[in-house]
Amino acid sequence: MPETEFAVVGGGLVGMAVAYGLQRRGHQVTVFDEGDIAYRASRGNFGLVWVQGKGAGMPDYARWTRLSAALWPEFADELKRKTDVDVELTQPGGLDLCLTESELADQVARLEGLRDALDGNYPFQVLDPGRLRGMVPEAGPAVSGATYFPEDGHANPLFLLRALLGAFRAEGGRIENGGTVSAITPTRGAFRIETERPWEAAQVVLSAGLGNAKLGPMVGLNAPVKPNRGQVLICERVQPFLNYPTVQIRQIGTGSVQIGDSKEDVGFDDTTAPRVVAAIARRATRLFPLLENVRVVRAWGALRIMSPDGHPIYDRSTEHPGAHLVTCHSGVTLAAAHALVLAAWIGGGEPEIPYLETFSGKRFQLSSAA
Amino acid sequence: MVDPVPLLIMGSGPAGLAAAQEAVRAGVGALLLDEQPTGGGQIYRALGEATGERQKTLGTDYAAGAPLLTVLSAQCLDHQPGATVWEVSPDGTVYYTRQGQARAVSAEQVILCSGAMERPMPFPGWTLPGVMTCGAAQILLKGAGVFPASGAVLAGSGPLLLLLAKQLIGARARLAAVVDTTPADNYRGALKYLPGALRTPGYLLKGLSMIRTLSASGVPWYRGASGLEAIGDDAVAGLRFKVRGRQHEVACSNLFLHQGVVPNVQLSRSLGLEHHWDGLQRCWRPILDGWGASALERIAVAGDAGGIMGARAAEAHGRLAALGALNRIGVLSETERDRRAAGARAVYRREILPRPFLDRLYRPHPDYLQPADDTIVCRCEEVTAGQIRKYVELGCLGPNQTKAFGRSGMGPCQGRVCGLTVSEIIAQARGVPLEQVGYYRIRPPIKPVTLGELATLEQPEDA
Ligand SMILES: Cc1cc2nc3c(=O)[nH]c(=O)nc-3n(C[C@H](O)[C@H](O)[C@H](O)COP(=O)(O)OP(=O)(O)OC[C@H]3O[C@@H](n4cnc5c(N)ncnc54)[C@H](O)[C@@H]3O)c2cc1C
Ligand SMILES: Cc1cc2nc3c(=O)[nH]c(=O)nc-3n(C[C@H](O)[C@H](O)[C@H](O)COP(=O)(O)OP(=O)(O)OC[C@H]3O[C@@H](n4cnc5c(N)ncnc54)[C@H](O)[C@@H]3O)c2cc1C
């Protein structure tokens, strides 16, 4: 007799969103997570609920991202109701600022490609420096323009993690943390979870971030994810000057300015590199010269979880029914869709949307065999 | 691009100055960085500028630093005061800001002598304006000769509390009271360490002299106080406390708090060095060998930054660390290193003998290691002890998780102030030893640096 209906392995934003979604639909869920220090994208990310530019080469990913952004307001309200945690969601639309003409041209071309793939339904705008300054007067003279997408926004990712945990607990979910799951063994229609003590679960969801690469094959699933480092700087509070989140910089309610984000292929190294930090600072002060005298109070590096094409992997095992795998590189953006839609699919309901199978990890096996 | 230097010493307290002396003696051009405008560290702060009158107030231990300070004028030493170090990389590159300009220097050997900091003493009202640490009050006294003429209360425990009382009395300040929180059973607990301490009796004699000054001064001196509460609306107006069940209240316009010092481990932590929990001193210290060398080939730690040892031991420890480093860069043979180290090693051994006695005697009162629920522990983000306990209930196992949940440790001080308290609270709430709870993961910059400074940073690799 399994001790839990669902074992969710990994308690980051992805695992907690799915766990909460399952628990709120009446399933009985136990989350297994590691201790105080672990590789955790969920604790080191930039907090954007971002649509603009996502899904090049996979239009379904653009659709999925937009669905999540659209579900976000009701999702944030639900979390607030259940936990009293305000995740500070705002969706005023977002900007991607460019420093050269060619940067802007590339970006516009990318967004036009997406618009074509989505049959013209992709309402981005191109802002010349004049229009941009009308929206953001502090943009520096070096800025050559920007693109704007009305569905973009941001939230506080740490409050989101806390709210998900709180809501999951409030629905009766259980957390077992402090132990790494070392193995998962399919046994007679159930799964044995090897941690501090062995557990038995009827079904298992792998949401262990980078850990999925190792755990997936144990239940016949493929998640060739790799780390990609991003560094983020947090600056002291300044007068409000930026009412829109941008890809590189956002100002949060308290006035703090967050600056990111590099993309570096450095393996499992989540420290900060002064060289990269200096480059981030150079770009930021060119975009917004008023930041020159603003002090950096904190910086960190964190590892993104990247699949070979950068798109999510959602899969269920045919070899071992009851085993699922979930991973993505935009866990804040997709949190609403994960909790409200994906969890229903994992729980065995009819898929509310037709294209979830597109995200199967089998696409990587096929391409490598070809 | 700046050329690599053979030896970089960070901190010009007794440890750093002694290290610099050994480098000068070996003919090695060392770079000495300190964020303060003058050398001397905590104990000999501003000694070079202090008038005879101020020196007299501050006592003979203060004036005793003069010979060490002479190294600052040595030809081959590059002394850069006013240099704030905000990052040290494991490869020996040191990043700092001086005169508004960020710089990076590579060194073959780096000795971190960042000293100690005061252990915070959280209780209701401790964040009111007018409340500061005894160390901060002493800094004003040493640096500017400024002190409150009347109406100050000193509260807490430890040698620095008594020393400051003595120094203020000597400066003719009229103290409103000294409120000592040393628990009565600490005296009993410390007794077994007394024989060791008596082998280096200087400290005890100094302590007795401080006690005599305080007794003779007529300043109300409450001992065994507990349940402290600072009161006041916009600023501190008084201190409430209990002594043997009886409630007291003393009016004051300044409240100076102290409950011992702990190593400043921000840099050694940010380097990812392993630290172990010192149960007697109730603090973390980096793991070092007998030469202050860490597990990183190019990084050593000396003085109070490696474990609270006091000024004279810190000086000897700085010498040992420098001799070790000079040997590692090939300037001194092992034999020569050991020969030069013999004296310092003997001083070090002798000077640390009284530590266990002092550490046990002045172990903080449990009230201020485990503050009540409504007490703020993280001042920057105003997080209370109760909130930390709530996050533990939600499933947080350590300070990095409670930090992510409630922002404790995310402010400009980088968790320096709340780090120990938060770990203590989590350990007790979980019912596990503190070692299992761990500490904040400290990330550079460990001191604020502007984006403009970062943007113009000259990198050693840029050449
Ligand atoms: C710098 C940076 C900026 C980002 N910015 C954004 C952004 O602006 N917007 C956005 O939407 N996304 C952003 N992301 C991505 C986002 O943070 C991630 O998509 C999301 O956090 C992934 O969550 P996760 O739960 O899959 O992974 P993680 O947060 O890494 O969690 C995985 C969890 O699994 C646990 N685990 C691993 N192995 C095991 C095991 N064997 N047993 C038990 N537990 C295990 C780990 O301890 C961890 O808690 C950013 C990421 C980075 C690094
Ligand atoms: C507030 C305070 C007051 C004290 N007063 C006395 C006293 O009056 N008498 C006494 O006997 N003992 C006193 N002590 C104890 C005394 O500090 C030590 O015993 C002794 O000074 C240790 O010497 P050190 O060289 O290890 O460190 P310190 O003397 O503390 O020197 C450390 C130096 O490193 C510098 N530094 C630290 N971080 C950085 C950085 N990031 N960038 C640049 N520079 C940096 C500091 O500016 C400082 O000058 C005091 C301790 C404290 C914390």
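Look a little higher up for the structure.
Residues numbered from 1 in each chain as written. Chains lettered and ligands numbered in written order. Predicted model: local features only at pLDDT ≥ 70, side-chain atom pairs only at ≥ 80, totals over all residues. Heavy atoms only, no water.

S.K.: With reference to specific residues and values, describe the overall build of chain A.
M.R.: For chain A, the helix and strand inventory stands at nine helices and 17 strands. For a compact globule of 370 residues, the expected C-alpha radius of gyration is about 21 Å, and chain A comes in at 21 Å, within 12% of that figure. Based on the C-alpha atoms only, the size of chain A along its principal axes is roughly 65 × 45 × 40 Å. For chain A, long-range pairs separated by at least 24 residues make up 74% of all intrachain contacts whose partners lie at least 6 apart in sequence. Looking at chain A as shown, the accessible area adds up to about 14,300 Å², and 51% of this sits on carbon and sulfur atoms. (Helix = DSSP H or I, 4+ residues; strand = E, 2+ residues; numbered from the N terminus. Rg over C-alpha atoms; globule rule 2.2 N^0.38 Å. Contact = heavy atoms within 4.5 Å. Areas by Shrake-Rupley, 256 points an atom, 1.4 Å probe, with all protein chains shown as cover.)

S.K.: Please provide a residue-by-residue account of the site of ligand 1, values included.
M.R.: All names here are of chain A. Lining the immediate environment of ligand 1, one finds 38 residues, of which Asp33, Glu34, Arg40, Ser42 and Val181 sit closest. At a separation of 3.3 Å, an oxygen atom of ligand 1 approaches a polar backbone atom of Cys328. Here an oxygen atom of ligand 1 sits 3.4 Å away from a polar atom, N or O, in the main chain of His329. For ligand 1, the accessible surface in isolation is 1,000 Å², of which the surrounding protein chains cover 96%. Mapped onto the shell around ligand 1, the elements with two or more residues apiece are helix 1 (13-24), strand 2 (29-33) and strand 15 (295-306). (Near = heavy atom within 4 Å. Polar contact = N/O pair within 3.5 Å; in protein donor to acceptor, adjacent residues only side chain to side chain.)

S.K.: Go over the site of ligand 2 with me, naming the residues and quoting the values.
M.R.: All names here are of chain B. The local shell around ligand 2 holds 34 residues, among which Ala15, Asp34, Gln42, Gln138 and Asp304 are the closest. At a separation of 2.9 Å, an oxygen atom of ligand 2 approaches a polar backbone atom of Ala15. Contact distances for ligand 2 include 3.1 Å between a nitrogen atom and a backbone N or O atom of Glu35. For the shell around ligand 2, the secondary structure elements donating two or more residues are helix 1 (14-25), strand 4 (83-88), strand 7 (116-118), helix 5 (134-144), helix 6 (159-170) and helix 11 (311-328). Counting residues domain by domain, the shell around ligand 2 receives three or more from each of domain 1 (5-117 + 263-356) and domain 2 (120-259). (Domains from an automatic or database assignment.)

S.K.: Can you break down unusual backbone geometry residue by residue, with the values?
M.R.: Excluding glycine, most residues fall at negative phi; most peptide bonds, likewise, are trans. Between B:Pro444 and B:Pro445 the backbone carries a cis peptide bond, its omega angle lying at 0 degrees. Following the sequence through the fold, B:Pro445 ends up in the loop between helix 18 (434-437) and strand 22 (449-450). Located in the positive-phi region is A:Arg188, a residue other than glycine, with phi close to 40 degrees. Within the element layout of this structure, A:Arg188 appears in the loop between strand 9 (183-187) and strand 10 (190-194). Judged by its relative accessible area of 81%, A:Arg188 falls in the exposed class. (Buried < 20%, exposed > 50% of the residue type's maximum accessible area, 1.4 Å probe, protein only.)

S.K.: Describe the interface of chain B and chain A, naming the residues involved and giving the relevant values.
M.R.: Contact with chain B, which involves 37 residues of that partner, is made by 40 residues of chain A. Here chain B meets chain A over a buried area of about 3,300 Å², counting both sides, of which 55% is carbon and sulfur. Broken down residue by residue, the surface that chain B buries against chain A is led by B:Phe405, B:Arg443 and B:Leu451, which jointly contribute 21%. Taken together, the links from chain B to chain A amount to one salt bridge. Linking B:Glu381 and A:Arg237 is a salt bridge whose minimum nitrogen-to-oxygen distance equals 3.5 Å. Inspection of the chain B/chain A interface yields 15 residue pairs in polar contact (both at pLDDT 80 or more). At the level of elements, helix 15 (385-394), helix 16 (399-406), strand 22 and helix 19 (451-455) of chain B are the ones that each hand at least two residues to the side of chain B that touches chain A. Here the side of chain B that touches chain A gets six residues from one element, more than from any other, and that element is helix 16 of chain B. As judged from the two bridges shared by strand 15 of chain A and strand 22 of chain B, these two strands associate in the antiparallel manner. Residue A:Arg295 lies in a different strand from strand 22 of chain B, and its bridge partner there is B:Thr450. (Buried area = accessible area lost by both parts, 1.4 Å probe. Salt bridge = Lys/Arg side-chain N within 4 Å of Asp/Glu carboxyl O. Pairing = 2+ DSSP bridges.)

S.K.: An account of the sheet that holds strand 13 (residues 238-243) of chain B is requested, with residue identities and associated values reported.
M.R.: Residues and elements named next belong to chain B. Read across the sheet, three strands follow the order 12-13-14 without closing on themselves; strand pairing throughout is antiparallel. Each of the sheet's edge strands pairs with one partner strand only, and the pair in question is strand 12 (225-231) and strand 14 (246-251). On average, each strand axis in the sheet is tilted by 20 degrees relative to the strand beside it, whichever way the strands run. Of the pairings in the sheet, the one linking strand 12 to strand 13 comprises five bridges and is antiparallel in character. Counterpart to Ser226 in the pairing with strand 13 is Lys242. (Axes fitted to C-alpha atoms, helices over the stretch in contact; angles between N-to-C directions.)

S.K.: Residue-level account of the state of the cysteines, with values.
M.R.: Residues and elements named next belong to chain B. According to the stated counting rule, one finds zero disulfides over all chains in the structure shown. In this structure Cys134 is a free cysteine whose sulfur lies 12 Å from that of Cys252, the closest cysteine sulfur available. With a relative accessible area of 0%, Cys134 lands in the buried category. In this model Cys413 remains outside any disulfide bridge; the closest cysteine sulfur is found in Cys380, 3.8 Å from its own. (Disulfide = S-S within 2.5 Å.)

S.K.: Could you give an account of the side chain of A:Arg363, with specific residues and numbers?
M.R.: Residues and elements named next belong to chain A. In this structure, Arg363 sits in helix 9 (residues 362-369). In this structure Arg363 comes out as buried when scored by relative accessible area, which is 16%. Polar side-chain contacts of Arg363 include one of 2.8 Å to the backbone oxygen of Pro312. In this view, Arg363 contacts Met58, Ser307, Asp309, His311, Pro312, Ile313 and Thr358; residues no more than four positions away in its chain are not counted.

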